[in-house]
Amino acid sequence: MTEIAPAKKENIWLNLGFNLALPILFLRKGNDWFGPILSKKLDISQESTLLASIMLVIAISFPIGYGVWDYVKRKKLNFISILGALSALLTGGIGLIPGATVRMFAIKEAALPALLGILTVITLKTKRPLVHLFLYNPEVIKVDLVNQKLIERGTKKNFDLLLKKCTWLIALTFIMSAVLNYFLSRWIVTTEPALDKSSFNDEVGTMMGWSFPIISLPCMVVSGYAFWLLIKGIQNFTGMQFEEALAHGPGSSKQNGKN
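Residues numbered from 1 in each chain as written. Predicted model: local features only at pLDDT ≥ 70, side-chain atom pairs only at ≥ 80, totals over all residues. Heavy atoms only, no water.

J.: Go over the nonpolar core with me, naming the residues and quoting the values.
T.: With 24 residues, the main nonpolar core has Y136, F159, L230 and I234 as its most contacted residues. Of all the secondary-structure elements, those providing two or more residues to this core are α6 (143-153), α7 (156-188) and α8 (197-238). The element best represented in this core is α7, accounting for seven residues. Apart from residues no more than four positions distant in its own chain, L230 is found in contact with L135, Y136, I141, F159, L162, L163 and C166. Among the nonpolar cores identified, the runner-up in size contains 20 residues, and F26, I94, F105 and M208 belong to it. (Core = buried A, V, L, I, M, F, W, Y, C linked by side-chain atoms within 4.5 Å. Buried < 20%, exposed > 50% of the residue type's maximum accessible area, 1.4 Å probe, protein only. Helix = DSSP H or I, 4+ residues; strand = E, 2+ residues; numbered from the N terminus. Contact = heavy atoms within 4.5 Å.)

J.: Quick one: what's the story with the confidence of the model for the chain, residue by residue and with numbers?
T.: Residues at a pLDDT of 70 or more form 83% of the chain, whose mean pLDDT is 79. Taken as a whole, residues 1-5 scores under 50 in pLDDT and shows six contacts with residues more than four places along the chain or in a different chain. Every residue in residues 253-259 scores below 50 in pLDDT, and together they form eight contacts with partners more than four places removed in sequence or on other chains. (pLDDT = per-residue confidence, 0-100.)

J.: Would you mind going over the packing of aromatic side chains in detail, with residue names and values included?
T.: The geometry of an aromatic ring pair is captured by two quantities: the separation of the ring centres and the angle between the planes. Enumeration according to the criterion identifies five aromatic pairs in this entry. Ring centres of F105 and F200 lie 5.8 Å apart, and the angle between their planes is 80°; this geometry places the pair in the edge-to-face category. Taken together, the residues span a long stretch of sequence, with F105 in helix α4 (residues 102-122) and F200 in helix α8 at a distance of 95 residues. Residues F105 and F200 agree in their burial class; the two are buried. (Phe/Tyr/Trp six-rings, centres within 6.5 Å; stacked < 30°, edge-to-face > 60°.)

J.: Outline the pattern of salt bridges, listing residues and values.
T.: Pairs may arise between side chains of opposite charge once their charged atoms sit close together. Under the defined criterion, the tally for this structure stands at two salt bridges. The closest approach of N and O atoms between E109 and K108, which form a salt bridge, is 2.2 Å. E109 gets classed as buried once you look at its relative accessible area, which sits at 13%. The salt bridge involving K156 is made with D160; its shortest N-O contact spans 3.1 Å. Of this pair, K156 and D160 are both found in helix α7, four residues apart, which corresponds to roughly one turn of the helix. A relative accessible area of 30% places K156 in the partly exposed class. (Salt bridge = Lys/Arg side-chain N within 4 Å of Asp/Glu carboxyl O.)

J.: Help me get a handle on the packing of helix α2 (residues 49-74) against α8, residues and values and all.
T.: Packed helices, taken two at a time, are described by the angle their axes make and the gap between the axes. Relative to each other, α2 and α8 sit at 25°, their axes nearing to 8 Å. Between α2 and α8, the crossing angle belongs to the class labelled roughly parallel. Taking contact as the criterion, the partners of T49, A52, S53, M55 and L56 in α2 are, on α8, K197, S198 and N201. Considered class by class, the residues forming the contact of α2 with α8 number three nonpolar, four polar and one charged. (Axes fitted to C-alpha atoms, helices over the stretch in contact; angles between N-to-C directions. Parallel < 35°, antiparallel > 145°, perpendicular 65-115°, else oblique. Nonpolar A, V, L, I, M, F, W, Y, C, P; charged D, E, K, R; others polar.)

J.: Can you tell me about the environment of L119, naming the residues and giving the values?
T.: Residue position: L119 is located in helix α4. Separated by eleven residues in sequence, L119 and L130 place their C-alpha atoms 7.2 Å apart.

J.: Could you give me a rundown of α6, with the residues and numbers involved?
T.: For α6, every residue scored as buried is listed here: V143, V146 and L150. Buried residues along α6 cover an arc of 65° about the axis, so they all sit on one side. Relative to its buried face, α6 has exposed residues pointing more than 90 degrees away, namely D144, I151 and E152. Among the structural elements, α7 and α8 are those in contact with the buried residues of α6. G154 occupies a position one or two residues after α6 and carries a positive phi of about 70°. (Arc of directions from axis to C-beta.)

This is how it looks when you write it as structure tokens:
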């Protein structure tokens with residue numbers, strides 16, 4: 001009987017560092033730290049648009065590089081890292097495209113979470129609802145065992161209704177994020193990138209810093225509430241304890257080791 005080692009867990013501090021802290025630092029301080037050196041090497045002014053573009057490229061390379069590194073290390077796609085890399089690419093694209101405006105940037109900031117919210121609801125009636133990725137995930141919950149218990153107790157329909165409620169809560173967090181992202185970016189990012197890319201970078205960095213307490217934390221609270229409802233539902237409809245339902249809870253190794 002061979003035990004299957006559990007998948008390597010992602011380091012949350014590395015995730016926050018590469019997807020949030022480092023991009024903010026380079027967008028806000030990169031020009032001050034490396035501007036003089038690069039301007040001499042490239043023989044350009046420290047106020048040059050090219051230099052600001054380089055700093056922007058470096059800043060967005062952190063989440064992109066982290067997503068690739070995480071995939072190579074854990075041998076699996078990290079959905080959050082993919083979103084971070086995609087968002088970084090779009091941010092960089094807006095900042096580097098000639099003729100780009102701050103309104104385009106605000107629309108970009110709102111578009112991705114809005115799209116995810118719509119997809120979360122649309123995929124609810126498909127074989128692979130997106131909510132399974134966010135909440136009812138086999139890496140977090142023993143989905144097969146829970147489904148088995150639900151069928152045995154005849155409570156599958158009740159649980160499906162609860163899962164639908166949780167889906168709408170997750171969709172709500174994305175829509176809320178989209179709205180807050182748009183208005184926050186319109187409030188903070190006011191310098192057109194074509195006029196002053198350094199100031200634009202600094203404002204984008206400021207917005208990223210404020211987005212965590214203003215946007216991410218409220219969304220995390222709602223998502224946490226949805227997950228709590230899901231766990232309570234599993235306990236009520238299956239009779240399982242919280243630890244029994246967790247993918248890496250007691251008895252997981254034994255079940256994973258069965259052929």
